[in-house]
Amino acid sequence: MKFAFYPGCVARGAAPELYKSTMMVVDKLGIELEEIEKAACTGAGVLQEKNQKLGDVLNVRTLALAEQMDLPIMTICSTCQGVISQANHRVVNDQEYLDEINEELAKEDLHYSGKTEVKHLLWILLEDIGVEPLQKMFNIDLSGFNFAPFYGCYLIRPSDALGMTKNPKRKHSLDIVIESTGAQSTDYAGKTRCCGFPILLINQKNSLKMVAKHTGDAKDSGADAMVTPCPLCHLNLDGYQAKARKQNKRGKADLPILHLPQLIGMAMGLDPKELGINKHLVSTANFIKSLKSKVA
Amino acid sequence: MEALIKVKRYNPEESEDTYFQDYSVDVAEDSTILDSLIKIREEQDGTLSLRCSCRASICGSCSMRVNGSAKLVCKTRVKEISPDGEIITVEPMGNFKVIKDLVTEMDSFWSKMKSIDPYVKTSFEPEAEHIASNESMTHLLGVMNCIMCGACVSECTALEVDSTFTGPAALAKAYRFVADPRDEEANSRLGKLNENTGVWDCTRCLACVEVCPKDVAPMERIVKMRDLAIEEGYTNTSGYRHTESFNDSIKKHGRLDETRLALESTGLLNITGLIDLAKIGIKSLFRGKLPPILPHRPKDMKKVTSIAERLDNQGKEEE
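Residues numbered from 1 in each chain as written. Chains lettered and ligands numbered in written order. Predicted model: local features only at pLDDT ≥ 70, side-chain atom pairs only at ≥ 80, totals over all residues.

Novice: Teacher, can you tell me more about the overall build of chain A here?
Specialist: In terms of helices and strands, chain A carries 13 helices and eight strands. Taken against the 2.2 N^0.38 rule, which gives 19 Å for 296 residues, the C-alpha radius of gyration of chain A at 19 Å falls within 12% of a compact globule. By principal-axis analysis of the C-alpha atoms, chain A measures approximately 55 × 45 × 30 Å. (Helix = DSSP H or I, 4+ residues; strand = E, 2+ residues; numbered from the N terminus. Rg over C-alpha atoms; globule rule 2.2 N^0.38 Å.)

Novice: Just checking my understanding: could you explain the domain arrangement of chain B for this structure?
Specialist: Accessible area lost on assembly of the parts is the figure often given for the size of an interface. Domain annotation of chain B identifies domain 1 (2-104), domain 2 (107-231) and domain 3 (238-318). For domain 1 of chain B and domain 3 of chain B, the distance between their C-alpha centroids amounts to 47 Å. (Domains from an automatic or database assignment.)

Novice: How should the sheet that holds strand S7 (residues 225-228) of chain A be read in this particular structure?
Specialist: Strand pairs in the sheet, formed through backbone hydrogen bonds, run parallel or antiparallel to each other. Residue and element names in this part refer to chain A. Strand order in the open sheet formed by four strands is S6-S5-S7-S8, and the pairing between neighbours is parallel. Each edge of the open sheet carries a strand with a single partner, namely strand S6 (184-185) and strand S8 (257-259). Bridge count for S7 against S8 is three bridges, and the pairing is parallel. Across the sheet, the residue bridging to Val227 is Leu258, located in S8. Together, strand S5 (146-149), S7 and S8 form the strand contacts of helix H12 (residues 260-268), whose direction differs from that of S8 by roughly 80°. (Pairing = 2+ DSSP bridges. Contact = placed C-beta atoms within 7 Å. Axes fitted to C-alpha atoms, helices over the stretch in contact; angles between N-to-C directions.)

Novice: It is not clear to me how unusual backbone geometry should be interpreted in this structure. Could you clarify?
Specialist: Most of the time, phi is negative for any residue but glycine, and the peptide bond is trans. With omega at -10°, the peptide bond leading from Arg157 of chain A into Pro158 of chain A counts as cis. Positive phi, normally seen in glycine, also occurs at Arg55 of chain B, with a value near 60°. Topologically, Arg55 of chain B is positioned in the loop between helix H1 (33-43) and strand S3 (63-66).

Novice: Would you explain the pairing of strand S1 (residues 2-9) of chain B in this entry?
Specialist: The side chains of a regular strand alternate between the sheet's two faces. Residues and elements named next belong to chain B. Burial along S1 is one-sided: Ala3, Ile5, Val7 and Arg9 are buried, and none of Glu2, Leu4, Lys6 and Lys8, which face the opposite way, are. Pairing analysis gives three bridges linking S1 to strand S5 (residues 88-91), with the strands arranged parallel. Paired with Val7 across the two strands is Val90, which belongs to S5. (Buried ≥ 20, exposed ≤ 12 C-beta atoms within 10 Å, placed from the backbone.)

Novice: In this structure, what is going on with the environment of Met225 of chain B? I would like to understand it.
Specialist: Inspection of the secondary structure assignment puts Met225 of chain B in helix H11 (residues 218-231). The spacing of Met225 of chain B and Val178 of chain B is 47 residues in sequence and 8.2 Å in space, taken between C-alpha atoms.

Novice: Is there a simple way to explain the nonpolar core in this structure?
Specialist: The nonpolar side chains of a soluble globular protein tend to be buried, and buried together. Counting 176 residues, the largest nonpolar core has Phe147, Met226 and Val227 of chain A together with Val73, Ala174 and Met225 of chain B as the members making the most contacts within it. For Met225 of chain B, the contacting residues outside a window of four places in its chain are Ala174, Tyr175, Val178, Leu190, Leu193 and Val199 of chain B. (Core = buried A, V, L, I, M, F, W, Y, C linked by C-beta atoms within 7 Å.)

Novice: What's the story with the interface of chain A and chain B in this structure? I'm lost.
Specialist: At the interface, 45 residues of chain A touch 50 residues of chain B. Where the side of chain A that touches chain B is concerned, the elements lending two or more residues are helix H1 (16-29), helix H2 (46-50), helix H3 (52-69) and helix H9 (204-220) of chain A. By residue class, the composition of the side of chain A that touches chain B is 21 nonpolar, ten polar and 14 charged. (Nonpolar A, V, L, I, M, F, W, Y, C, P; charged D, E, K, R; others polar.)

Novice: Sorry, what's going on with the domain arrangement of chain A here?
Specialist: All names here are of chain A. Here the domain parsing of chain A yields domain 1 (2-120) and domain 2 (139-295). Between domain 1 and domain 2, the residue contacts involve 23 residues of the former and 24 residues of the latter. Class assignment for the residues of the side of domain 1 that touches domain 2 results in nine nonpolar, eleven polar and three charged.

Novice: Mind showing me how you'd approach helix H8 (residues 173-180) of chain A here?
Specialist: Because an α-helix packs 3.6 residues into every turn, residues spaced three or four apart end up facing the same way. All names here are of chain A. Buried residues of H8: Ser173, Leu174, Val177, Ile178 and Ser180, and no others. All buried residues of H8 fall inside an arc of 160° around its axis, so they share one side. Elements in contact with the buried residues of H8: helix H6 (121-129), helix H7 (131-136), S5, S6 and S7. One or two steps after H8, the chain reaches Gly182, where phi turns positive at roughly 100°. (Arc of directions from axis to C-beta.)

Novice: I would appreciate a short explanation of the packing of helix H8 (residues 168-178) of chain B against H11 of chain B in the present structure.
Specialist: When two helices pack together, their arrangement is given by the angle between the helix axes and by the axis-to-axis distance. Residues and elements named next belong to chain B. Where H8 contacts H11, the axes come no closer than 8 Å and their chain directions differ by 55°. It follows that H8 is oblique to H11 by the angle criterion. Crossing of H8 against H11: the hand is left-handed. Across the interface between the two elements, Pro168, Ala169, Leu171, Ala172, Ala174, Tyr175 and Val178 of H8 pack against Pro218, Met219, Arg221, Ile222, Lys224, Met225 and Leu228 of H11. A class-by-class count of the residues in the contact of H8 with H11 yields twelve nonpolar, no polar and two charged. (Parallel < 35°, antiparallel > 145°, perpendicular 65-115°, else oblique. Left-handed = near helix turned anticlockwise from the far one by under 90°.)

Novice: Explain the packing of H8 of chain B against helix H9 (residues 186-193) of chain B to me, please; I cannot follow it from the model alone.
Specialist: Residue and element names in this part refer to chain B. One can describe the packing of H8 onto H9 by two numbers: an axis separation of 10 Å at closest approach and a directional angle of 155°. By the angle between their axes, H8 is roughly antiparallel relative to H9. Handedness of the H8/H9 crossing: left-handed. Across the interface between the two elements, Ala174, Phe177 and Val178 of H8 pack against Ala186, Arg189, Leu190 and Leu193 of H9. Grouping the amino acids of the contact of H8 with H9 by side-chain chemistry returns six nonpolar, no polar and one charged.

Novice: Looking at this model, I keep getting lost on H9 of chain B. Mind explaining?
Specialist: Within the span of H9 of chain B, buried status applies to Arg189, Leu190 and Leu193 of chain B. Down the axis of H9 of chain B, the buried side of the element spans an arc of 95°, and every buried residue falls inside it.

Novice: Whenever I open this one, the sheet that holds strand S4 (residues 118-120) of chain A confuses me. Can you help?
Specialist: Residues and elements named next belong to chain A. The four strands lie next to each other as S2-S1-S3-S4, forming an open sheet whose pairing is parallel. In this open sheet, the two edge strands, each paired with only one partner strand, are strand S2 (32-35) and S4. For this sheet the average axis-to-axis angle between neighbouring strands, irrespective of direction, equals 40°. Pairing geometry for strand S3 (residues 73-75) and S4, over three bridges, is parallel. Within the sheet, the bridge partner assigned to Ile73 lies in S4 and is Val118. Of the strands in this sheet, S3 and S4 are in contact with H6, which crosses S4 at around 95°.

Novice: Just to check I follow, could you spell out the environment of Ser57 of chain B for this structure?
Specialist: Residue and element names in this part refer to chain B. Its place among the elements puts Ser57 in the loop between H1 and S3. Sequence spacing of Ser57 and Cys74 is 17 residues, and the spatial spacing of their C-alpha atoms is 6.2 Å. Sequence-distant contacts of Ser57, that is, excluding residues within four places in its chain, are made with Leu72, Cys74, Lys75 and Pro213.

So, in structure tokens, the structure goes:
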């Protein structure tokens with residue numbers, strides 16, 4: 001199983017532990033990756049505010065590069081997945097627009113015919129590997145743990161661009177993957193809501209209210225940790241949790257925020273430190289301790 | 001066909017507590033959820049309160065949360081939500097005060113609608129019908145489809161934490177007038193919307209776009225107004241600095257420069273903001289996870305930056 005790999009800026013920047021844990025996990029999953037080294041940032045929806053066409057050209061360029069490699073794309077970021085999917089959805093449903101974008105790409109001898117499939121690692125686990133084969137790769141039963149899923153907006157909406165009708169399980173994919181490890185998936189209202197990251201630098205007060213609400217609610221519903229397939233959500237929910245919980249009187253920052261591949265790696269029995277679980281700003285020491293007592 | 005419906009009940013005259021009540025009702029194969037609720041009210045439980053009128057998704061009265069997300073229940077078939085007889089959960093809309101059961105108070109909705117001055121403003125009093133050409137109005141067809149049902153407001157993630165936010169419905173309505181060729185107050189409208197509680201408080205979470213039963217796409221209108229406000233010269237916002245820095249970063253590096261984005265959006269003269277950032281930066285440094293000084297660059301970066309340069313200029317020429 002081979003994919004063209006689009007890691008995204010954050011896995012290559014502020015969350016290097018996501019990149020590393022992904023590499024450790026795909027190796028065990030039998031996924032071969034070839035990084036699309038020429039790919040640009042997706043624009044994360046921000047670039048699109050100013051210049052939709054520029055955003056679409058850059059993303060269709062990435063799709064064309066993968067088409068040239070004859071591979072589907074794997075992403076590890078809800079935002080990247082969403083923004084590339086939205087661009088793909090626009091051009092495959094509008095031949096005239098695709099032609100217009102291909103004219104731009106022709107200057108670089110690139111062409112996109114509309115065939116590239118883009119999938120988040122989360123979907124690959126369910127659709128290309130499957131729950132049962134996945135469970136066979138797990139060495140540690142995580143039953144007794146309770147993990148709160150946090151999807152990231154762009155992995156849930158808009159449902160048409162994300163192929164939710166054809167693949168209805170995508171709506172619950174993170175719950176399914178959490179439960180496949182033996183752990184319980186936390187039932188709380190915030191899992192498909194906004195983490196606040198897009199307005200962190202614009203309206204910090206509101207952004208931190210979101211962090212406090214979702215991490216506080218998850219904790220109150222029994223979560224031992226939160227799991228997210230989106231590194232942008234991670235940056236806010238982890239990096240600003242202490243300030244957010246304090247400011248909004250929701251107690252101390254006590255909910256570790258894990259990247260999806262860190263959860264998979266733990267279930268596989270990989271070393272939590274190697275997976276970078278100790279790299280987060282919210283302390284994971286107690287969590288790692290309870291995980292180790294589980295193994296022993 | 002049997003429909004299993006779990007309804008969130010609330011009657012403040014009896015108790016402040018809410019509770020769920022299960023109903024089972026026999027309905028036709030093509031029944032809507034509204035049909036089922038009306039049948040429950042008529043045949044089983046006259047105390048169940050709900051609001052509805054046209055039953056044809058025109059009046060916008062029957063918006064409710066179905067399995068956690070707002071829908072017009074007259075437009076939603078039982079079979080579509082529950083193909084194999086699964087239990088359907090019906091609750092009142094979110095972000096609204098509940099009056100009783102499924103009926104919400106719409107006062108805040110209407111006051112926000114009024115706050116954006118929902119009428120065409122002109123400097124003269126038209127002597128006859130004030131007609132705009134068909135072509136100049138087609139881009140507004142989508143946004144004029146709004147039936148003011150409140151579904152977008154129900155799911156708005158920004159309103160969930162800040163009830164002062166103008167919200168998706170009123171902002172979409174504001175766009176309808178900002179972009180109307182007959183309106184002469186676009187500049188002052190945008191100036192007002194550029195302030196706190198306006199266009200920059202949207203999280204771009206797409207919830208409004210997803211639930212709107214009429215494809216009004218409020219978020220897209222909000223984002224468009226951000227751009228229009230910038231064009232009109234309203235640039236003294238973190239939102240503007242954030243967008244500019246993001247774009248510059250892609251133009252220069254092809255990828256996102258996280259460090260610069262944080263510094264520039266905060267504002268280089270905003271000392272408290274910068275100290276705050278530094279605190280997180282130092283914590284991250286200790287955990288060995290600060291973003292690199294320069295972003296990880298794509299191979300052949302010049303190709304990306306030249307596309308960005310070219311299309312940026314193209315955009316400017318079109319303006």
